[in-house]
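Remarks on the overall topology
Each chain is listed here by its residues.
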Amino acid sequence: LTPASVAAYCPLPMFLVGLVGRSLVRPLRDVAGVPATWGNRFLALSPVRFTSTAPAEHTPKTRYAQDFIDRARIYIKGGTGGQGSSRLALPGGDGGDVFVQAVPGVNSLREVSLADNKQYAAGTGSYASDSPRPRKGQDVVIKVPVGTVVMTDNGHVLKDLSHAKELFLVARGGEGGSVRTNAQHSGLRGDRLHIVLELKSIADVGLVGYPNAGKSSLLAAVSRARPRIAAYPFTTIRPHVGTVQYEDHVCLRVADIPGLIEGAHTNIGMGHAFLRHVERTHVLLFVVDVGGFQLSTGAPFRSPADALRLLARELALYRSSTLQSRPCIVAVNKMDTDHAAEHLAAFQAELAAAADLERFRAAPVVPISAKRGDGIPQLVLALRRLVEAQRRAAAPEQADVPIATDIEIAREYSRIVRRG
């Protein structure tokens with residue numbers, strides 16, 4: 001006689017026996033170490049099951065800011081034309097088109113990259129057997145931030161969406177089936193291709209600094225963004241963007257660029273990816289540790305002036321125009337640490353004397369403590385002055401060009417361009 005045979009013939013009594021047996025044996029197990037083997041075995045073999053209604057225990061997780069995505073590669077398919085009818089002499093509907101539209105309220109390509117398999121497909125045109133009047137397939141509109149560049153895989157620029165609500169037809173649907181398509185009156189396939197969407201400008205201000213300089217803490221201090229903050233380097237592996245809002249409702253966007261390392265211009269680590277983010281900001285905010293830093297135990301110690309010198313060198317070697325064409329501010333962080341005033345005085349003296357730091361002598365130097373908030377009001381005011389001056393300087397370059405903000409207009413404009 002085994003528990004399995006008993007449970008097979010009388011499942012409910014054995015379930016009760018097992019339940020009572022386990023409840024009686026458990027105190028003995030806790031005292032004398034007696035296992036509740038039989039009670040557990042009867043419960044496991046019985047077909048009767050009780051489901052616990054107690055809530056599951058979940059370990060609370062720390063919520064960090066969502067990753068900012070400024071580049072996405074997606075696959076798009078124009079809709080296939082509907083099947084025509086040779087018997088009824090009716091054409092099928094044209095396939096739907098795929099558009100890309102610049103929307104002011106969208107700030108990242110995150111939603112675009114979260115599509116199913118990163119694919120966007122327009123609808124199929126109507127079949128002649130279903131509708132005597134051909135109906136076009138459902139169009140698809142991909143919403144992206146203003147300033148998004150649409151490119152092919154080989155880097156050829158298809159469109160620069162620099163105006164609000166601007167539309168661009170990126171994949172045309174196939175023609176509906178008729179005598180013009182083929183002998184079977186089958187609909188044609190629409191355009192199918194991979195495209196790359198990339199933000200031309202990710203923020204007004206870019207935070208540039210070595211790992212663990214306090215850039216994420218500074219972003220959290222000046223905005224509502226909540227990037228991941230920790231006491232070790234390389235905490236940030238993707239840029240985070242926060243918005244600084246002033247009392248008169250003027251807003252600036254600040255991007256926390258992942259920390260650079262020496263050799264980033266040669267693409268060490270993710271050097272080119274990080275430098276690409278720096279290149280697409282209008283004002284550079286260099287963040288240095290007032291006490292200097294040492295990346296690892298085997299790495300040399302770098303003073304604040306050394307850090308600034310190496311950061312400028314990496315930017316110049318990657319693309320010299322990046323540093324020369326953008327105004328900058330130097331934020332000396334961690335002024336709440338010991339001997340911070342002495343380190344600041346030494347940094348300012350070296351900045352005034354070193355010939356290779358001449359580029360930064362005209363830049364504002366703002367001592368701050370992102371942890372305590374010291375110097376933050378002065379810093380955000382200095383940032384606003386530089387950003388507004390940069391916007392005024394760039395305004396005359398924007399020429400008045402016709403833009404398509406309606407689907408039909410964008411579709412007609414695409415036909416004109418193809419004919420030309």
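See the structure shown above.
Residues numbered from 1 in each chain as written. Predicted model: local features only at pLDDT ≥ 70, side-chain atom pairs only at ≥ 80, totals over all residues. Heavy atoms only, no water.

**Thoughts on the nonpolar core**
Residues I76, V100, I142, V170, L197, F286 and F360 are the most contacted members of the largest nonpolar core, which totals 54 residues. Broken down by element, the residue count for this core peaks at seven residues, all from helix α7 (residues 304–318). Sequence-distant contacts of I76, defined by excluding residues within four places in its chain, comprise V98, Y120, I142, V170, A171, D191, R192, L193 and I195. Counting residues in each nonpolar core, the second largest holds 24 residues, with L219, V244, A331 and L383 among its members. (Core = buried A, V, L, I, M, F, W, Y, C linked by side-chain atoms within 4.5 Å. Buried < 20%, exposed > 50% of the residue type's maximum accessible area, 1.4 Å probe, protein only. Helix = DSSP H or I, 4+ residues; strand = E, 2+ residues; numbered from the N terminus. Contact = heavy atoms within 4.5 Å.)

**A word on the pattern of salt bridges**
Scanning the model with the defined rule gives twelve salt bridges in all. Between R73 and D153 there is a salt bridge, with the nearest N and O atoms lying 2.8 Å from each other. Of the two residues, R73 is situated in strand β1 (residues 71–77) and D153 in the loop between β5 (148–151) and β6 (157–161); the sequence distance between them amounts to 80 residues. Exposure remark for R73: the relative accessible area of 43% places this residue in the partly exposed category. According to the relative accessible area criterion, D153 is partly exposed, its value standing at 45%. Residues D97 and K136 are paired through a salt bridge, measuring 3.5 Å at the closest nitrogen-oxygen approach. Placement of the pair is D97 in the loop between β1 and β2 (98–103) and K136 in the loop between β3 (119–121) and β4 (140–145), with a sequence separation of 39 residues. What makes K136 partly exposed here is its relative accessible area of 37%. Salt bridges sharing common partners tie together D306, R309, E350 and D356. (Salt bridge = Lys/Arg side-chain N within 4 Å of Asp/Glu carboxyl O.)

**What to know about the environment of A122**
Positionally, A122 belongs in the loop between β3 and β4. The class for A122 is buried, based on a relative accessible area of 11%. Along the primary structure A122 and K77 are separated by 45 residues, whereas in three dimensions their C-alpha atoms are 6.3 Å apart. With residues near it in sequence (within four places) discarded, A122 still touches K77, G78, G79, G96, D97, V98, Q138 and V140.

**Observations regarding the sheet that holds strand β10 (residues 240–245)**
The strands making up a sheet associate through backbone hydrogen bonding, with each pair oriented either parallel or antiparallel. If you trace the six strands from one edge of the open sheet to the other, you get β10-β11-β9-β12-β13-β14, paired in mixed fashion. Because the sheet does not close on itself, it has two edges, and the strands there are β10 and β14 (365–367). Each adjacent strand pair in this sheet contributes to an overall mean axis angle of 25°, direction not counted. In this sheet, β14 lies alongside strand β13 (residues 328–333) in parallel orientation, the contact comprising three bridges. Note that in β14 the partner of V332 across the bridge is P367. (Pairing = 2+ DSSP bridges. Axes fitted to C-alpha atoms, helices over the stretch in contact; angles between N-to-C directions.)

**Examining unusual backbone geometry**
One non-glycine residue with positive phi stands out, namely A89, at about 55°. Along the chain, A89 falls in the loop between β1 and β2. Backbone geometry places H185, a non-glycine residue, at a positive phi of 60°. Positionally, H185 belongs in the loop between β7 (167–171) and β8 (192–199).

**Some thoughts on the packing of aromatic side chains**
Applying the stated criterion across every chain yields a total of two aromatic pairs. Measuring from centroid to centroid gives 5.1 Å for Y210 and F293, while their planes differ by 25°, and the two rings are stacked. Linking Y210 in the loop between β9 (203–208) and α5 (215–222) with F293 in the loop between β12 (281–289) and α7, this pair joins segments that are 83 residues apart in sequence. The exposure class assigned to Y210 is buried, which follows from its relative accessible area of 4%. (Phe/Tyr/Trp six-rings, centres within 6.5 Å; stacked < 30°, edge-to-face > 60°.)

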